[in-house]
Structures are given as C-alpha cells and as structure tokens.
Amino acid sequence: MENFKIIVFLCNWGPHTAYHDLQDKEYGVPSEIKMVRIPCTGRISKALLFKAFEMGADGVALVGCKSGTCRYGSGTENAAMNTEDTKDILELLGLGNDRMRFSTFLPDETNSLKRFLEDFCSNVKKLGPSPIKPSREDRISAVPPKNMREIVKEHNVFACQDCGKCTSSCPLALSGKQYSPRAIAASIIAEEMDSDEVQKDVWSCLTCGTCYERCPSDVNFPSFIRDVRGCLSDNGYNECHQTHGGFFQSLMRAMTFSELKSQKWNNLPGDIKIDPKSKILFFGGCAPYFDVFFRNHRGIKTSNILMDSLRLLNFFDIQPAILNNERCCGHDLLWSGDRKSFLKLAKLTVESIHDLGIEEVITSCPECFKTISSDYEANGIKLNFKVTHMYEFLENEIDKAAVSFDGLDRHITYQDSCRLARHGKIKDFPRKLIRRLQPESFTEMMDSGNAALCCGNCAWTGCDSFSKALQSKRIRQAHSTGSDLLVTSCPKCQIHLRCAMEDPFLGKEFMMEMQDLTSIIAKTICWD
C-alpha cells in the first residue's frame, strides 16, 4: 500500500476559520494530508511550492482567502499566479499539473473546504505516487568531497602573484562592489574560512572568466570558485545565496530521478521535422522552464530560440533526433556547488544520448555547449559523440551553401555570452554570421569579445544591486553604439538584461529591442 504525502498550505485567516470549524465538528483530515498554517498564500512563492515536490510531496494545495478579502491586499492574486506558473512547470517536467491546486474559501464555507480536501486527496491517489521520492541515500553524497587544500593545489592558486589584475578587471569590482578575487584566494590559502571574503563573496563571483583572461599566472579563478562552492555546499553553505528562492536548483535536482518523464517537447510546431533515428541530436536546454517562470516579465520568450534552431537544421536538410525525456545539462548545479546532483543529471543525459546511437549533439545554448562539451569529461563522464554549437554549424553550412539573407535594415550591436566567448572560445562565429546578415550597421560595444561584460548573474546565485549596476552599464554601452537592436546568444543574457530594463525609474531610457542571433538568422535566411 502506497503512503501518500499531500501538503496543504492553509491561510491563517478566512480558510483557517473554516478549518477550525471542521476541527470543532471532529472532522478527521485524511491521514495523507499535512496542513501547514501560513500568514498568507501570497507569501508562498513558486520556489516554496516546488520545494515541496522536490522533497517528495505527491500533491500540493494552496488554500487562501476569496478575492477581495485578503488582509494583505494582493495575496490571493499572487497565489493564483504562482500556482498557475508552478502547475505549468510541473506539466513540462512530467509530474502533471493536476498535482497542484489553488482554492479560496470564506470563514463560513466549512463544508466546501471539507469537499475540497477530500476531492484533492482522492485525485492525487488516482494519479499515483510522485516519481520524485528522495531517500536517505539521496541525501548522502556518493561523490568524495574535496577539501580546501586539495582545491588550492589543483588550481595552482599558490601561483597568485597578488598583482591585482583580477580585481582591476573584475566587472563586479568595477561596478562599485567591495570585491576582490585575490582577497578570496588569499583568505582560502590562509584557511580563513569564516572570513567575509569566503562566506559571502565566493557566491558573488560571476565566474565570467575575465580575471582568468588577465591573470599572468594562469590561475583559473572561475573553476577554483566553482570547486570552493562545492566544498562549502558539502558543509551546508549554499541555499541562502541562490536567487529566486533556489527554484532552479530545486527544479534541476528533481530531474535527477530517472522515473521522471519530461513533456517539454510535446507541442512542437507542425512545420518542424524531427527523426528519432537520426544520428544528429538537438539538445534544447531549459528555455521552456525559463519562459513559464518569467512569463509575467517583459517579453521573455526564449523557447523561440529552440524552435528557430530546429527550423535552421531543417533548412539544411537535417531532421534531428531529440531526447523525449530531455533533462537540464546540470550547468547551474555544478556552478552553484551541487556536484553530486550535477553528476546524476549528467550521467542520465549521456546514457540517454548513447542509447540512441547519436554521433553529434548540436545545441544553441552556450551553457549546454560548455557543460556537455567540456565539463562532463572533466568530471569523468566519457562521451561517444561530438558536441557542436549552432553558430559553428551554421557558419560551416552557410559557407558551402548557396544561401542569402533578406534585407536587415537594422543597426546592430552584440552581447557576448561568457560561456561562449571566454569559456567556449567561440567569439568569431557569431560575428561572421552577423556580417553575413549585412545589417545597416554592426557596431561593437566598448567591451566586447574576450573583454565583454557579463550580463550580471551566473547559475542563479548572488544577484544584488551591483549585478543591476553592471546590467545598467551594459545597456548604456549598447545604446551608446547608436544601435536599435541588441543581438544576444544566451537565453539568460536576455532574461537578465530585460530584467534591468524593467527599472521603474530608468525603464524608458533603457528600453531596447533584443533578439537572439539564431532567431534572426532563421527569419531572414533563404536559398539563392
């Protein structure tokens, strides 16, 4: 017999009065239900709702006040919005949106509340247990943790000359933050693990790689920071530094359960052709989840990049395979310190690709490219296939094909992705492609290529006012080129820069149209 776990977040006001009346009538709440009393349903974020599923809940309900009766004003509306977003993400993930419900009650609607609880409990039982079932073994790492001495030695941090070139080039330091890579290195070498430089600033690092580019001793500071985060995470120092309540890390950990069957590719447009027997696979990444999570913000539609990538593959007579049960590549888990969950995801992904007999994986996501092409093997996971970024594929195909582009009457500037330009060493391909488009003009920003400014956040950690200052600086640089179109190559660059454009005071000044390069190519390419 299955033991079900159903969490009901119950508002402390109207619904709790109705629930209290049920208790007075000696109503026995189904044993599967755990009631969690809360101040207001509007305070239960998407991260908290999803956290319950990550921890093994089979169903989650949010029970609040009727619209117009919320003591905090907008609580009911916020709860409804968060519930719908979470339900859609559960559907994409393969858990099904019926495992999540939101309902409202007045204090005297005792019987209605009773029927709701019984109906929801019955419905969850019909759905069956969630495939996400953490065990004690899941909480114990099978990955031998590294200690700080090993990390310092592995990354040759002793070679640091204390010259300060890292700090003088660090985008965060230049945005006004009291932040120094060499100070972090010095503190860790001195084993001052409780210092602010370690406990706080390690999580602020953008891991953009600018310091590594400038380091005369060739100390790979981003990789060093990544492993330090892993060591700190093993000792319980991580979740308070994650943005959006740790939602995306929680989502990715949920994907480590092999029984979960993703539904992200279920609604492909009819014009896109795929072939499950193809030896070329397109790997999409997390864009569909981003679009749902951020859909109430300005113009976040990063899934278009995936659809346009597939259309371009079709244009060149490639009908790729896709992973019907595609998971996250694990980038954000690795770079936010959860190497154990990263390895679980990586192994599941590689096994699925190998099972299809794939010879080449093409991806348009810079983080997926960096992670699959180099981080997997660096962590002991062998690949039997090559990994190609979409820009390399496109440049090679266009170079040998009789294609042209419809006129692009736009003044363009380009935002480099850190994972593509500095980490992936792919900065020339996008520029070649932009020039093939023959725009009205193409003007580089003040900082570009290997010197390009980061969009202000990486792996959903450490976002603060200085990240916003960095994003503001980048947007001003884009405007200063006289361009009317900011071309991006990374979905997260779009998300973070659009976030900065929502500034309530400078929004009009900051506004600038953004499009991904892949989408621009897909819309303008044609046969001669």
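Quantities reported herein were computed from a predicted structural model and do not represent experimental measurements.

What counts, and where the lines are drawn
Residues numbered from 1 in each chain as written. Predicted model: local features only at pLDDT ≥ 70, side-chain atom pairs only at ≥ 80, totals over all residues. Heavy atoms only, no water. Pairing = 2+ DSSP bridges. Helix = DSSP H or I, 4+ residues; strand = E, 2+ residues; numbered from the N terminus. Axes fitted to C-alpha atoms, helices over the stretch in contact; angles between N-to-C directions. Buried < 20%, exposed > 50% of the residue type's maximum accessible area, 1.4 Å probe, protein only. Polar contact = N/O pair within 3.5 Å; in protein donor to acceptor, adjacent residues only side chain to side chain. Contact = heavy atoms within 4.5 Å. Domains from an automatic or database assignment. Buried area = accessible area lost by both parts, 1.4 Å probe. Salt bridge = Lys/Arg side-chain N within 4 Å of Asp/Glu carboxyl O. Nonpolar A, V, L, I, M, F, W, Y, C, P; charged D, E, K, R; others polar. Arc of directions from axis to C-beta.

The next point concerns the sheet that holds strand 11 (residues 485-488). Strand order in this open sheet of 4 strands is 10-9-11-12, and the pairing throughout is parallel. Sheet topology places strand 10 (439-442) and strand 12 (513-516) at the edges, where each strand pairs with a single neighbour. On average, each strand axis in the sheet is tilted by 35 degrees relative to the strand beside it, whichever way the strands run. Sheet topology places strand 11 next to strand 12; 4 bridges connect them, and they run parallel. Following the sheet pairing, L485 is matched in strand 12 by E513.

Here S489 shows up in the loop between strand 11 and helix 23 (491-501). Given the relative accessible area of 1%, S489 is considered buried. Among the polar contacts listed, one links the side chain of S489 to the side chain of Y414, at a separation of 3.2 Å. Look past the residues within four positions of S489 in its chain and what remains in contact with it is S364, P366, Y391, Y414, Q415, S417, L420 and D516.

Here the protein is described as being made up of domain 1 (6-133), domain 2 (148-234), domain 3 (260-395) and domain 4 (402-527). Using C-alpha coordinates to define each centre, domain 1 is positioned 34 Å away from domain 3. Of the residues lining the interface, 13 residues belong to domain 1; the matching set on domain 3 comes to 11 residues. The junction of domain 1 with domain 3 conceals about 1100 Å² of combined surface from both sides, 64% of it contributed by carbon and sulfur atoms. When the buried area of domain 1 at its contact with domain 3 is split by residue, I89, L92 and L93 rank highest and sum to 47% of it. Counting across the interface, domain 1 meets domain 3 through 2 salt bridges. Linking D88 and R295 is a salt bridge whose minimum nitrogen-to-oxygen distance equals 2.7 Å. Between domain 1 and domain 3 we count 8 residue pairs in polar contact (both at pLDDT 80 or more) in total. Top contributing element to the side of domain 1 that touches domain 3 by residue count: helix 3 (residues 75-93), with 8 residues. Residues that form the side of domain 1 that touches domain 3 fall into these classes: 7 nonpolar, 1 polar and 5 charged.

Scanning all chains against the criterion turns up 32 salt bridges. Two residues, D484 and R410, come together in a salt bridge whose shortest N-O distance is 3.2 Å. Separated by 74 residues along the polypeptide, D484 in the loop between helix 22 (465-480) and strand 11 and R410 in strand 9 (residues 408-414) bring together distant segments of the chain. On the basis of relative accessible area, D484 is assigned to the partly exposed category, the value being 31%. Residue E444 pairs with R431 through a salt bridge whose shortest N-O separation is 2.5 Å. With a gap of 13 residues between them, E444 in the loop between strand 10 and helix 22 and R431 in helix 21 (residues 428-437) connect regions that are remote in the sequence. Among the residues examined, R431 registers a relative accessible area of 8% and is labelled buried.

Once that is clear, we can look at helix 21. Among the residues making up helix 21, those that are buried are P430, R431, L433, I434 and L437. The buried residues of helix 21 occupy an angular sector of 160 degrees when projected down its axis, which confines them to one face. Where the residues of helix 21 are buried, they touch helix 19 (390-400), strand 8 (403-405), strand 9, strand 10 and helix 25 (517-524). After helix 21 finishes, the residue Q438 shows a positive phi value of roughly 50 degrees.

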